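# Structural overview
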Amino acid sequence: MASRQKNGDFDIVKPESLEKSQDKDMEWQVAGFSQLDSYTVYAMLQLRVDVFVVEQNCPYPELDNKDLHPQTRHILLKKGDKILAYARVLAPGVSYENSPALGRICVSQTARRLALGRGLMDKALDVASSCWPDSEIRISAQCYLQRFYESFGFIACSEPYLEDDIPHLEMARPATPLGAATL
């Protein structure tokens, strides 16, 4: 079981998989934008720009105001002051009319061989399901990651399309009825 401690209005959680690993200095933080300190916001945006703008050679407007929505939840895996992995969970109506969405899912280049992506997705799905139970969850996924997202129960629901000149696919994960087993 993951250990949990309260720090102000947000949770810091040491996930089971990381508790069993050699590196116990990693911890999850789940928070709204106003609960993040300025250094964390800077590190979060730096990671997203490094991954989505620099690595993918894709100039696009990273700041889209969705981070500021009062129901947006930022999920960060931190080791000290460094953010190793990040995702955001958006409320219904922010990206998709009736569904919550996951977005900006990324792992820092230096941490990619640590298998953090699966833990990040598990955490993001847990947060979305606890905030909006019985809701379908949607993502705009890069096409090369289709099988990865399918392993979490997502199903393609569009033809491929270009988003910022990168092939994407809309995917949805059907609602999991309360009390039902998850993937």
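The structure reproduced in this document is the subject of the present report. (Residues numbered from 1 in each chain as written. Predicted model: local features only at pLDDT ≥ 70, side-chain atom pairs only at ≥ 80, totals over all residues. Heavy atoms only, no water.)

### As for unusual backbone geometry
Positive phi, normally seen in glycine, also occurs at R104, with a value near 50°. Within the secondary structure, R104 is located in strand β6 (residues 101-107). The phi dihedral of D164 is positive, around 55°, even though this residue is not glycine. With respect to the element layout, D164 can be found in the loop between β9 (161-163) and β10 (166-173). (Helix = DSSP H or I, 4+ residues; strand = E, 2+ residues; numbered from the N terminus.)

### Things to note about helix α3 (residues 116-131)
For α3, built from 16 residues, the straight-helix expectation of 22 Å at 1.5 Å per residue is met to within 8% by its first-to-last C-alpha distance of 23 Å. Where α3 is concerned, the buried positions are L116, L120, M121, K123, A124, L125, V127 and A128. (Expected span 1.5 Å × (residues − 1). Buried < 20%, exposed > 50% of the residue type's maximum accessible area, 1.4 Å probe, protein only.)

### Overview of the pattern of salt bridges
Applying the stated criterion across every chain yields a total of nine salt bridges. Of the charged contacts in the structure, one is a salt bridge between E170 and R138, with a shortest N-O distance of 2.4 Å. Placement of E170 in strand β10 and of R138 in strand β7 (residues 137-142) is noted, with a sequence separation of 32 residues between them. Considered together, E170 and R138 belong to a single accessibility category, that of buried residues. Among the charged side chains, a network of salt bridges with common partners joins R48, E62, D64, D67, R88 and R104. (Salt bridge = Lys/Arg side-chain N within 4 Å of Asp/Glu carboxyl O.)

### Considerations on the packing of aromatic side chains
In this structure the tally under the stated criterion is three aromatic pairs. An angle of 75° between the planes, with centres 6.2 Å apart, marks the rings of Y149 and F154 as edge-to-face. Overall, F154 belongs to the buried group, its relative accessible area being 2%. Aromatic rings pair up to connect F148, Y149, F152 and F154 into one cluster. Taking NZ or CZ as reference, R138 lies 5.4 Å from the ring centre of Y96, over its face. (Phe/Tyr/Trp six-rings, centres within 6.5 Å; stacked < 30°, edge-to-face > 60°. Lys NZ or Arg CZ within 6 Å of the ring centre and 35° of its normal.)

### Some words on the nonpolar core
Side chains of nonpolar character tend, in soluble globular proteins, to be buried together. I75, V89, L102, L120, M121, Y149 and F154 are the most contacted members of the largest nonpolar core, which has 34 residues in total. For this core, the secondary structure elements donating two or more residues are β3 (26-31), β4 (73-79), β5 (82-90), β6, α3, β7 and β10. No other element matches α3, which puts seven residues into this core. In this view, L120 contacts W28, I75, A85, Y86, A87, I105, C106 and V107; residues no more than four positions away in its chain are not counted. L47, C58, Y60 and I83 belong to the second largest nonpolar core, which has 15 residues in total. (Core = buried A, V, L, I, M, F, W, Y, C linked by side-chain atoms within 4.5 Å. Contact = heavy atoms within 4.5 Å.)

### Some words on the environment of A141
Relative to the assigned elements, A141 resides in strand β7. For the pair A141 and P160, spaced 19 residues apart in the sequence, the C-alpha separation amounts to 9.5 Å. When near neighbours in sequence (up to four residues on either side) are disregarded, A141 contacts Y149, P167, H168, L169 and M171.

### Things to note about the pairing of β7
Counting buried residues along β7, five of its six residues qualify, which places the element largely inside the surrounding structure. Pairing of β7 with β10, which is carried by six bridges, proceeds in the antiparallel orientation. The residue bridging S140 from the neighbouring strand is E170, located in β10. (Pairing = 2+ DSSP bridges.)

### What to know about helix α2 (residues 38-55)
An ideal rise of 1.5 Å per residue puts 26 Å on 18 residues; α2 measures up with 24 Å between its terminal C-alpha atoms. Of all bends in α2, the biggest is about 30°, found at V49. By the burial criterion, the buried members of α2 are T40, V41, A43, M44, L47, R48, V51 and F52. Along its buried surface, α2 packs onto β3, β4, β5, β6 and β7. Its side-chain oxygen at 3.0 Å from the backbone nitrogen of Y39, D37 defines the N-terminal cap of α2. (Bend = angle between axes of the 7 residues up to and from the residue. Polar contact = N/O pair within 3.5 Å; in protein donor to acceptor, adjacent residues only side chain to side chain.)

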